[in-house]
Amino acid sequence: MKQRWKIDRRTFLRGTAGALLPLPFLNLMEGKTRNAFGGLSSPDNGPLRFVTLFKPNGVHPPSWNINGGTEFDFRMSPLMAPFSKHKDDLLILDNMGDFGFSSHANSTRRFLSGHHQNKDSASVDQVIANKIGEDTAHRSLELTTEGLFTGQFGCSYISYDKDGGAIPRESDPQLVFDRLFRNPMSDPNQRRSMTSLLDRVSDDAKALNRNAGREDRQTLDQYLTVVRETERRIENMEQSGSNPRIDFSTLQRPEASANLNEQVESMIDLMALALWTDSTRCITYMLGNSNSRMIFDFLGITEQHHYLSHFFRNFSRTNLDSLLKISLWHMEKFDYLLTKLKSYKEGSGTLLDNSVVLFGSGMGHSDNHTAQRIPIILAGQAKGRVKTGRYIRYSENQELSSLHLSLLKTFGVDTDSYSASDSPLPGLDGGYFPEFRERPFESWVTQEAGTITAQGRLRMSDNLDEAKVFYIDITGQESVRIEVVFRDFHDFNLPYHVGTPITLTGNGSSNGSQLLITKVTELKSLFGKSKPGTQNG
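The rules behind each value
Residues numbered from 1 in each chain as written. Predicted model: local features only at pLDDT ≥ 70, side-chain atom pairs only at ≥ 80, totals over all residues. Heavy atoms only, no water. Axes fitted to C-alpha atoms, helices over the stretch in contact; angles between N-to-C directions. Helix = DSSP H or I, 4+ residues; strand = E, 2+ residues; numbered from the N terminus. Parallel < 35°, antiparallel > 145°, perpendicular 65-115°, else oblique. Left-handed = near helix turned anticlockwise from the far one by under 90°. Contact = heavy atoms within 4.5 Å. Nonpolar A, V, L, I, M, F, W, Y, C, P; charged D, E, K, R; others polar. Phe/Tyr/Trp six-rings, centres within 6.5 Å; stacked < 30°, edge-to-face > 60°. Buried < 20%, exposed > 50% of the residue type's maximum accessible area, 1.4 Å probe, protein only. Lys NZ or Arg CZ within 6 Å of the ring centre and 35° of its normal. Pairing = 2+ DSSP bridges. Salt bridge = Lys/Arg side-chain N within 4 Å of Asp/Glu carboxyl O. pLDDT = per-residue confidence, 0-100.

Their axes nearest at 9 Å, the elements helix α4 (residues 173-181) and helix α9 (residues 260-276) cross at an angle of 15°. In terms of orientation, α4 and α9 fall into the roughly parallel class. In the packing of α4 onto α9, the handedness of the crossing is left-handed. Together, P173, V176, F177, L180 and F181 of α4 and Q263, S266, M267, L270, L273 and A274 of α9 make up the contact between the two elements. For the contact of α4 with α9, a count of residues per class yields nine nonpolar, two polar and no charged.

As structure tokens, this is what we get:
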């Protein structure tokens, strides 16, 4: 009887000039891969991975927030439309964050470090990398689309080392490809003179194919096709007449980017390939700096993203439409990542099934930098440790550090606290969580000598032509309209209180059947914080 031929999980295809090409998980591989909890993974299970996709500059809340619905019965918001087909693979978290407003740098630090004051310890991705990444070729990858924002250094980083120091990021897909699959390749002349990586490992690939079973041959063929397509795509980017020739000796991006969309999708292709080949198990990718100055000219937009994100103070319908177009592009890249991870089979599932993908921003309302109702979504089932296909809106605002602590436990990190939290965020595994429930309250309005006092639920207008307008809904009569200057908008933290009942007093007048407040003098929350505080906002 012929003995079954086996290879180790850490096997590479080898070729000329020292070429090494890592492989995806094959049935031929022995079950020697350590799982996230320190045990051995079975042959049909790949390792657990962690991926972060960071969206800069918050959102336009009426376009993002889910209002109404329950854990299993909910309608995804307009901004979620590009990735709505992945609904069953998502865990959408709401009421994350609990500050009035925050600086860009503090919002960015909070995204993976739990709190803006956590400046002397590792971000959560690096703690996870310590647990799951030590036996991979690359313990972690830190990627970005944009160079440093020197005006606020902290806007450019989400990953921090054990001492709280910023970890450098890479923005060039060509250099990332070389780092993953052509290492060492630091000499640009040598790199350009080399032939295709696949050509140089073809003999080893053919030998492996002869000993592989049908499923392994299909997996190997898919993998080599992806590598070839990635090589060709990057080569086309370099040779494109519209793409400036990159001087690799400087290790810097050219000032003018040929096509941001192609750059980002090439990077996502490489991320999936790196995870599939177990070259790394932990990747963070910033779609832009917080406070991003990128101009999305390929979308027909001429203003900087940061300028457009301040849609209250820089309001015009054109500006808001441009901001939403950029946000939809970010959502499309999230969809692209999930689609790519689901396209790779691994054992009895997909690469996404064996991953946790954290997608979101560091702030909610993009103009006021509100650190409340921060967009946060988890994708992937983490080998069954995360229950997806759900929308969780917590009864009270939750610190991001509670989510981070839960993620650490999901990946088997033995700790009782992280950053500002010693209580894990409940419900990720499908268990109990304190669900948001409407509390009864009375709504009313009074008017006397130019002063209007209204008690009711505050909301932003969902009419894009009046994105600066707020309303207080009053039972049985027309809502009170609020049109104020930026100072009131900012000082009274109006975006923070949206969706909650408040008592608001201000100066105004009657416009027919509707009352209009143009100056706020007092605001009190019925059930929460009237003054939620700031973080160097």
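Here the narrative resumes.
The next thing to look at is the side chain of N118. Locating N118 in the fold gives a position in the loop between α2 (104-113) and α3 (124-132). Aside from chain neighbours lying at most four places away, what touches N118 is R109, S113, Y418 and S419.

It is worth spelling out the packing of aromatic side chains at this point. Aromatic ring pairs are defined here through the distance separating the ring centres and the angle between the ring planes. Enumeration over the complete set of coordinates arrives at 16 aromatic pairs. For the pair F50 and F411, a centre-to-centre distance of 5.7 Å together with 80° between the ring planes defines the contact as edge-to-face. With F50 in strand β3 (residues 49-54) and F411 in the loop between α12 (400-410) and β15 (444-448), this pair connects stretches of sequence that are 361 residues apart. Accessibility assignment for this pair places F50 and F411 in one class, buried. Arranged with centres 5.0 Å apart and planes meeting at 75°, the rings of F83 and F334 form a pair that is edge-to-face. Placement of F83 in the loop between α1 (61-64) and β4 (90-96) and of F334 in helix α11 (residues 317-342) is noted, with a sequence separation of 251 residues between them. With respect to class, F83 is no different from F334; both count as buried. What links up through ring pairs into an aromatic cluster is the set F312, F470, F486 and F489. The positively charged end of R109 is found above the aromatic ring belonging to Y160, 3.6 Å away from the centroid.

Another aspect to go through is the sheet that holds strand β8 (residues 282-286). With mixed pairing, seven strands are arranged side by side in an open sheet as β7-β8-β3-β11-β13-β4-β14. Looking along the sheet, the strands with just one partner apiece sit at the ends: β7 (141-144) and β14 (390-398). Ignoring which end each strand starts from, the neighbouring axes of this sheet average 15° apart. By the bridge criterion, five bridges tie β4 to β14 in an arrangement that is parallel.

A few words now on unusual backbone geometry. A negative phi angle is the norm for most residues apart from glycine, just as the trans form is the norm for most peptide bonds. The backbone of K383 shows a phi angle near 60°, a positive value even though the residue is not glycine. Under the relative-accessibility criterion, K383 is labelled partly exposed at 26%. One non-glycine residue with positive phi stands out, namely N493, at about 50°. Within the secondary structure layout, N493 lies in the loop between α13 (486-491) and α14 (494-497). In this structure N493 comes out as buried when scored by relative accessible area, which is 5%.

A separate point is the pattern of salt bridges. Per the stated rule, a full pass over the model turns up 23 salt bridges. The partner of D367 in a salt bridge is R313, and the shortest N-O contact between them spans 2.8 Å. Here the residue D367 occupies a position in the loop between β11 (355-360) and β12 (371-372), and R313 occupies one in the loop between α10 (305-309) and α11, the gap between them amounting to 54 residues. By relative accessible area, which is 1% here, D367 ends up buried. The salt bridge involving R457 is made with E438; its shortest N-O contact spans 2.6 Å. You can see R457 sitting in strand β16 (residues 451-460) and its partner E438 sitting in the loop between α12 and β15, a full 19 residues away along the chain. For E438, a relative accessible area of 52% corresponds to the exposed category.

One way to put it is that α9 packs onto α11 with a least axis distance of 10 Å and a crossing angle of 30°. Relative to α11, α9 is oriented roughly parallel. When the axes of α9 and α11 are compared, the crossing they make is right-handed. Counted together, L260, N261, V264, E265, I268, D269, M271, A272 and L275 of α9 and W329, K333, Y336, L337, K340 and L341 of α11 form the full contact between these two elements.

Here we take up the pairing of strand β17 (residues 470-473). The sheet contact formed by β16 and β17 spans four bridges and is antiparallel. Bridge pairing in β17 links L458 to I472. Bridging between β17 and strand β18 (residues 480-482) involves three bridges; their strand directions are antiparallel. Across the sheet, residue F470 finds its bridge partner in β18, namely I482. Turn length for the β17-β18 hairpin, with the two strands adjacent in sequence and antiparallel, is six residues, and the turn residue G476 shows positive phi of about 85°.

Here the chain averages 86 in pLDDT, and 83% of its residues register 70 or above. Counting interchain partners and residues more than four positions distant, the pLDDT-below-50 stretch residues 184-193 has 13 contacts. Contacts for the low-pLDDT stretch residues 240-257, under 50 throughout, to residues beyond four places or in other chains number 28 contacts.

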